[in-house]
Amino acid sequence: MTASEQGRPPATMSRRERRRAFRPRRAVPAIVTAAVLATVAILIAAEVITALLSHRAGNVLPVSYLARLGRDTRWADPLTLAVAAVLAALGLLLFLLALWPGRPRSIALAFDDPAVVLGITAAGLRRQLARIARSVDGVTRARVTVRRHRVRVHATSPLRDPRGLAEQVEHAVTERLRELAPLRPPRVRVTIRHRED
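Residues numbered from 1 in each chain as written. Predicted model: local features only at pLDDT ≥ 70, side-chain atom pairs only at ≥ 80, totals over all residues. Heavy atoms only, no water.

> So what exactly am I meant to see when it comes to the pairing of strand 4 (residues 150-157) here?
Where a strand is regular, its side chains alternate between the two sheet faces. Side chains of strand 4 alternate between two faces, with Val151, Val153, Ala155 and Ser157 buried and Arg150, Arg152, His154 and Thr156 left unburied. Taken together, the 6 bridges between strand 3 (residues 141-146) and strand 4 define a ladder with antiparallel strand orientation. From the neighbouring strand, Arg143 faces strand 4, where its bridge partner is His154. Connecting strand 3 to the next strand, strand 4, in antiparallel fashion are 3 residues. Relative to strand 5 (residues 187-194), strand 4 runs parallel, the two sharing 8 bridges. From the neighbouring strand, Val153 faces strand 5, where its bridge partner is Val190. Of the crossover connections in this fold, the one passing from strand 4 over helix 6 (residues 165-180) to the parallel strand 5 is right-handed. (Buried < 20%, exposed > 50% of the residue type's maximum accessible area, 1.4 Å probe, protein only. Helix = DSSP H or I, 4+ residues; strand = E, 2+ residues; numbered from the N terminus. Pairing = 2+ DSSP bridges. Right-handed = clockwise from strand over helix to strand, strands pointing away.)

Right, dumping it as structure tokens:
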């Protein structure tokens, strides 16, 4: 995605805007909320249309029961307060879900041209960093997890004394990250499993 695709001049695209281009969307909560609201709206519309056309209410929704419940229930009733608390908690949860960013599927990379935004998938980054960790002498297997602010490398070594191996793996992985140049460089942590017999 370029700055022109976002409707901005290339020179004004900041690092923050480039990171935002790769921010994951909260699609599942949005779809569920939209589906529930659409279902409620359709039921209410069907009830209103049925009442207008046939002069009979309650064909789709129990309108008479809901009307009676509305007349007989007071604001201070425990049921009213409980329903209001549940709805308020649900609204707050949806609000927090909208604000809290999801797990990134792609990581934005720095590039000299401010009009260009490059990225690498999290899976691709994991594979590259695991390959780099396995290339270090003394490492036979490596598993990498990528989070928003950190990279964890779990390496396995057949050596009985892996002294200095964690630092070598960390250096190799950090160098590869420096070459890729993510906009927000993550911290690297390395754990080595080795032979103890």
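> Quick question: what am I supposed to make of unusual backbone geometry here?
Only a minority of non-glycine residues have a phi that is not negative, and only a minority of peptide bonds are not trans. Phi at Ala181 takes a positive value of approximately 60 degrees, unusual for a residue other than glycine. Within the element layout of this structure, Ala181 appears in the loop between helix 6 and strand 5.

> Could you clarify how one ought to interpret the nonpolar core in this entry?
Nonpolar side chains tend toward joint burial in soluble globular proteins. Leu125, Val153, Val169 and Val173 are the most contacted members of the largest nonpolar core, which has 26 residues in total. Where this core is concerned, the elements lending two or more residues are strand 1 (106-109), helix 5 (122-134), strand 3, strand 4, helix 6 and strand 5. Setting aside its immediate chain neighbours within four residues, Val173 contacts Leu129, Ile132, Ala133, Val153 and Val188. (Core = buried A, V, L, I, M, F, W, Y, C linked by side-chain atoms within 4.5 Å. Contact = heavy atoms within 4.5 Å.)

> Explain the packing of helix 5 against helix 6 here, please?
A pair of packed helices is characterised by two quantities: the angle between their axes and the separation of those axes. Helix 6 packs onto helix 5 with a crossing angle of 140 degrees between their chain directions and a minimal axis gap of 9 Å. With respect to each other, helix 5 and helix 6 are oriented oblique. At the point where helix 5 passes helix 6, the crossing takes the right-handed sense. Residues Leu125, Gln128, Leu129, Ile132 and Ala133 of helix 5 form the contact with helix 6, whose own contacting residues are Val169, Ala172, Val173, Arg176, Leu177 and Leu180. Per-class residue counts for the contact of helix 5 with helix 6 are 9 nonpolar, 1 polar and 1 charged. (Axes fitted to C-alpha atoms, helices over the stretch in contact; angles between N-to-C directions. Parallel < 35°, antiparallel > 145°, perpendicular 65-115°, else oblique. Left-handed = near helix turned anticlockwise from the far one by under 90°. Nonpolar A, V, L, I, M, F, W, Y, C, P; charged D, E, K, R; others polar.)

> Would you explain the environment of Val139 in this entry?
By the element assignment, Val139 lies in the loop between helix 5 and strand 3. Given a relative accessible area of 8%, Val139 falls into the buried group. Spatially, the C-alpha atom of Val139 lies 8.7 Å from that of Ile192, the residues being 53 residues apart in sequence. Not counting chain neighbours up to four residues away, the residues in contact with Val139 comprise Ala133, Arg134, Ala155, Thr156, Leu165 and Val169.

> Explain the confidence of the model for the chain here, please?
Detailed reading of the predicted model is not advised wherever pLDDT is low. Taken as a whole, the chain shows an average pLDDT of 80; of its residues, 81% reach a score of 70 or greater. Across residues 1-12 the pLDDT falls below 50, and counting only partners more than four positions away or on other chains, this stretch makes 18 contacts in the model. (pLDDT = per-residue confidence, 0-100.)

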